[in-house]
Amino acid sequence: MPAPSGRARLGIDLGGTKIAGIVLDSRGATLAEARVPAPRGDYRGTLEALAALVERLESEAGTPSRAPCSVGVGMPGSLSPATGLVRNANSHWLNGHPFGIDLARRLDRPVRIENDANCLAVSEAVDGAGSGARVVWAVILGTGVGSGIAIDGRVLTGRNGIAGEWGHGPLPAPTPDERPGPDCYCGRRGCVETWLSGPGLAADHARRHGRHGTAEAVVSAARDGDGDARKTLATHLDRLGRAAAQVVNLLDPDVIVIGGGLSRIPELIAGLPGAIAPHVFSDAFDTPVRASLHGDASGVRGAAWLWEAD
Ligand SMILES: [Zn+2]
């Protein structure tokens, strides 16, 4: 069901610890926004918190009751097209529930739900770092690793609902010391996420150099001239380049947008094209790599824009 033109769009970013909401007008201006704690471990409580948040945001935005907002939701994991049940969410209390059906019923309107990486892609494609590009590949490098694809501003969900899933395949062209790789929560070993996430970077530094700390601490030490930290970051960039080049070879996006906590490391953004290029099957590689424009707000903005393209 399309959102009538001019109708306000409400987006929700359902995280593991917080739920963010926003109401955008048809030009993308913010009419209302709010943030509430997520009821951890409580599925029914999550539905009620979402309903209360929608009511509050519509009231603050002055949305007339005869024209309720369209509602889009970004969440970890995804809905299985086969069963309609949530799968792969690290907010594990959502898994196995018919979240789409339950939320639509609770809000009394259709709801569009997408993986949070897909929402990042849509947000950045519509009016962010990928604005004007046809094919946007958006990557989340944070606590977890994932990616999403937007084409002409619309999310590419895929037949099995997994388009853009990138975090849980093996690291390409592994060196002997990268095999079989760290254990991943998904049950596999050596997943891209286990290398390229913030915790993955920190764990790699600890394994290689016996230095324990956060990814931020590694970056900060590298900037201060610490040789070990510099080596860890260089290796990290090489791995990121290998993993990203696989996607470039398949999708050849017009722009690559990086979101998540590690997108705030300018050295990674600046170094990535040079790390990708040697692994691309082409004589030329000039794809721009940019940090997300909307940062943490891209999840919630992209969720609102799930209703944009009709
Ligand atoms: Zn995995």
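To be clear, the structure that these remarks concern was listed above.
This is a predicted model, so every value here is computed, not measured.

1. Focus: the pattern of salt bridges
Opposite charge on two side chains makes pairing possible when the charged atoms of those side chains draw close.
Piece 1. Within the structure shown, the criterion is met by 17 salt bridges.
Piece 2. For Glu 60, the salt bridge identified is with Arg 56, shortest N-O distance 3.3 Å. Of this pair, Glu 60 and Arg 56 are both found in helix α1 (residues 43–61), four residues apart, which corresponds to roughly one turn of the helix.
Piece 3. With a relative accessible area of 44%, Glu 60 lands in the partly exposed category.
Piece 4. Salt bridges sharing partners connect three or more residues here, namely Glu 178, Asp 204, Arg 207, Arg 208, Asp 238, Arg 239 and Arg 242.

2. Comments concerning the side chain of Ser 147
Piece 1. With respect to the helices, strands and loops of the structure, Ser 147 is situated in strand β9 (residues 145–151).
Piece 2. Engagement of the side chain of Ser 147 in a polar contact is seen with the side chain of Trp 137, the distance being 2.8 Å.
Piece 3. A polar atom in the side chain of Ser 147 sits 2.5 Å from the backbone oxygen of Gly 164.

3. Examining the coordination of the zinc ion
Piece 1. The zinc ion binds to the protein through His 168 (ND1), Cys 184 (SG), Cys 186 (SG) and Cys 191 (SG), with metal-donor distances spanning 2.1 to 2.3 Å.
Piece 2. In this structure, the zinc ion is surrounded by four donor atoms whose angles at the metal cover 101 to 117 degrees, and the resulting shape is tetrahedral.
Piece 3. Read from N- to C-terminus, the donor residues coordinating the zinc ion fall into the pattern H-x15-C-x1-C-x4-C.

4. Some words on the nonpolar core
Piece 1. Counting 36 residues, the largest nonpolar core has Leu 141, Trp 166 and Leu 196 as the members making the most contacts within it.
Piece 2. Secondary structure elements with two or more residues in this core: β8 (135–141), β9, α4 (192–196), α6 (215–223), α7 (227–251), β11 (255–259) and α8 (266–276).
Piece 3. Of all the elements, α7 adds the most residues to this core, at nine residues.
Piece 4. Those residues in contact with Leu 141 that sit more than four places away from it in its chain are Trp 166, Leu 196, Leu 240, Ile 258, Gly 259, Gly 260, Gly 261, Leu 262 and Ser 263.
Piece 5. With 31 residues, the next largest nonpolar core counts Ala 32, Ala 49, Leu 50 and Ile 113 among its residues.

5. Side note on the environment of Leu 57
Piece 1. With respect to the helices and strands, Leu 57 occurs in helix α1.
Piece 2. The exposure class of Leu 57 is buried, given its relative accessible area of 0%.
Piece 3. Contact partners of Leu 57, with chain neighbours within four places excluded, come to Leu 10, Gly 21, Ile 22, Val 23, Ala 32, Glu 33 and Ala 34.

6. A word on the packing of α6 against α7
Piece 1. For the pair α6 and α7, interaxial distance at closest approach is 7 Å and the crossing angle is 120 degrees. Remark: the crossing between α6 and α7 carries left-handed chirality. Along the contact surface, α6 presents Val 218, Val 219, Ala 221 and Ala 222, while α7 presents Ala 229, Arg 230, Thr 232 and Leu 233.
Piece 2. Its residues placed into classes, the contact of α6 with α7 shows six nonpolar, one polar and one charged.

7. Examining the sheet that holds strand β10 (residues 154–155)
Backbone hydrogen bonds hold the strands of a sheet together, and the pairing may be parallel or antiparallel.
Piece 1. On the basis of which strands lie adjacent, the open sheet formed by five strands has the order β10-β9-β8-β11-β12 and mixed pairing. If you trace the sheet from one side to the other, it starts and ends with β10 and β12 (289–291), each paired once.
Piece 2. Bridging between β8 and β11 involves five bridges; their strand directions are parallel. From the neighbouring strand, Val 136 faces β11, where its bridge partner is Val 255.
Piece 3. Against the sheet, α7 touches β8, β9 and β11, its axis set at about 155 degrees to β8.

8. Some details on the pairing of strand β4 (residues 70–75)
Piece 1. With six of six residues buried, β4 is to be regarded as a mostly interior element.
Piece 2. Here β4 shows a buried face lined by Ser 70, Gly 72 and Gly 74 and a second buried face lined by Val 71, Val 73 and Met 75.
Piece 3. In this structure, strand β1 (residues 9–14) lies alongside β4, joined through five bridges in parallel fashion. Within the sheet, the bridge partner assigned to Arg 9 lies in β4 and is Ser 70.
Piece 4. Both β4 and strand β7 (residues 111–115) contribute to a ladder of five bridges, which runs parallel. Residue pairing across strands places Val 73 opposite Ile 113, the latter belonging to β7.

Conventions and cut-offs
- Residues numbered from 1 in each chain as written.
- Predicted model: local features only at pLDDT ≥ 70, side-chain atom pairs only at ≥ 80, totals over all residues.
- Heavy atoms only, no water.
- Salt bridge = Lys/Arg side-chain N within 4 Å of Asp/Glu carboxyl O.
- Helix = DSSP H or I, 4+ residues; strand = E, 2+ residues; numbered from the N terminus.
- Buried < 20%, exposed > 50% of the residue type's maximum accessible area, 1.4 Å probe, protein only.
- Polar contact = N/O pair within 3.5 Å; in protein donor to acceptor, adjacent residues only side chain to side chain.
- Donors = N, O, S within 2.8 Å, 3.2 Å for Na, K, Ca; no water.
- Tetrahedral: all angles 85-135°; square planar, octahedral: opposite > 155°, others 65-115°.
- Core = buried A, V, L, I, M, F, W, Y, C linked by side-chain atoms within 4.5 Å.
- Contact = heavy atoms within 4.5 Å.
- Axes fitted to C-alpha atoms, helices over the stretch in contact; angles between N-to-C directions.
- Left-handed = near helix turned anticlockwise from the far one by under 90°.
- Nonpolar A, V, L, I, M, F, W, Y, C, P; charged D, E, K, R; others polar.
- Pairing = 2+ DSSP bridges.

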